[in-house]
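Understanding the architecture of this molecule
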Amino acid sequence: NHPFRMADAPQKWLYQLKCSEKGCSNIENIDNPHTLRCRKCWYFHWCSDACRTRSCDFSRQHELCCANTPTEKAEQTKAECCALFGWDEDGRKKKKKEREAPIKV
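So, here is what we can say about the structure in this document.

Calculation notes
- Residues numbered from 1 in each chain as written.
- Predicted model: local features only at pLDDT ≥ 70, side-chain atom pairs only at ≥ 80, totals over all residues.
- Heavy atoms only, no water.
- Helix = DSSP H or I, 4+ residues; strand = E, 2+ residues; numbered from the N terminus.
- Buried < 20%, exposed > 50% of the residue type's maximum accessible area, 1.4 Å probe, protein only.
- Contact = heavy atoms within 4.5 Å.
- Areas by Shrake-Rupley, 256 points an atom, 1.4 Å probe, with all protein chains shown as cover.
- Phe/Tyr/Trp six-rings, centres within 6.5 Å; stacked < 30°, edge-to-face > 60°.
- Salt bridge = Lys/Arg side-chain N within 4 Å of Asp/Glu carboxyl O.
- Patch = residues over 30% accessible without salt bridge, like charges linked within 9 Å, V, L, I, M, F, W, Y side chains within 5 Å.
- Core = buried A, V, L, I, M, F, W, Y, C linked by side-chain atoms within 4.5 Å.

1. A short note on the overall build of the protein
Counting secondary structure elements, the protein contains 3 helices and 2 strands. Tracing the protein from N to C terminus, the helices and strands come up as β-β-α-α-α. For the protein, the proportion of its 105 residues judged to be buried stands at 32%. Restricting to contacts in the protein with at least 6 residues of sequence separation, those with at least 24 account for 54%. Carbon and sulfur atoms make up 51% of the accessible area of the protein, which totals about 7800 Å².

Next comes the structure, spelled out in structure tokens:
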């Protein structure tokens, strides 16, 4: 048995602004969202390839937690990310709406 238990999951399926590598303190924000993000669980996101490699290949934290994330929790986290960053329902940046011409009366 692996010593990791879902009851000990650091995520608890709540969106966190911090890079998902536990040793990194980089925080994503509206102006600088992390570009590396798991599109399955939506919880894990990384500020760099190095952080993703460490989280995925060395600690296997992402693999273990992502595989056990309930679908409804992944959808909730995705919705939170999309709302925070102004993304569409596919998780892509929304195009800026063209300004409407003023109506002359």
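From this point, the discussion proceeds with the structure in view.
2. Observations regarding the packing of aromatic side chains
If you walk through the whole model with that rule in mind, you get 3 aromatic pairs. When the centroid spacing of 6.2 Å and the interplanar angle of 25 degrees are considered together, the rings of phenylalanine 44 and tryptophan 46 count as stacked. For the residue pair phenylalanine 44 and tryptophan 46, the accessibility class agrees, reading buried in each case. Ring pairs connect the aromatic residues Tyr43, Phe44 and Trp46, which therefore count as one cluster.

3. Looking at the environment of alanine 50
One can find alanine 50 in helix α1 (residues 49-58). Residue class for alanine 50 comes out exposed when judged on its relative accessible area of 57%. Considered as a pair, alanine 50 and glutamate 21 are 29 residues apart in the sequence and their alpha carbons are 9.2 Å apart.

4. Let's talk about unusual backbone geometry
Most peptide bonds take the trans configuration, and most residues that are not glycine carry a negative phi. One non-glycine residue with positive phi stands out, namely tryptophan 42, at about 70 degrees. Assignment of secondary structure puts tryptophan 42 in the loop between β1 (36-37) and β2 (45-46).

5. Here's the deal with the pattern of salt bridges
Summed over all chains, the structure comprises 4 salt bridges. Between glutamate 63 and arginine 60 there is a salt bridge whose closest N-O contact spans 3.1 Å. The exposure class of glutamate 63 is partly exposed, given its relative accessible area of 42%. Residue classification places arginine 60 among the partly exposed positions, given a relative accessible area of 34%.

6. A few points about a nonpolar patch on the surface
On the surface, a cluster of nonpolar side chains totalling about 340 Å² of accessible area is made up of Leu17, Ile27, Ile30 and Leu84. Structurally, leucine 84 can be placed in helix α3 (residues 71-85).

7. Topic: the nonpolar core
Side chains of nonpolar character tend, in soluble globular proteins, to be buried together. Counting 11 residues, the largest nonpolar core is built from Cys19, Cys24, Leu36, Cys38, Cys41, Tyr43, Phe44, Trp46, Cys51, Cys65 and Cys66. Core analysis: the next-biggest nonpolar cluster, separate from the first, contains 6 residues, Tyr15, Trp42, Phe85 and Trp87 among them.

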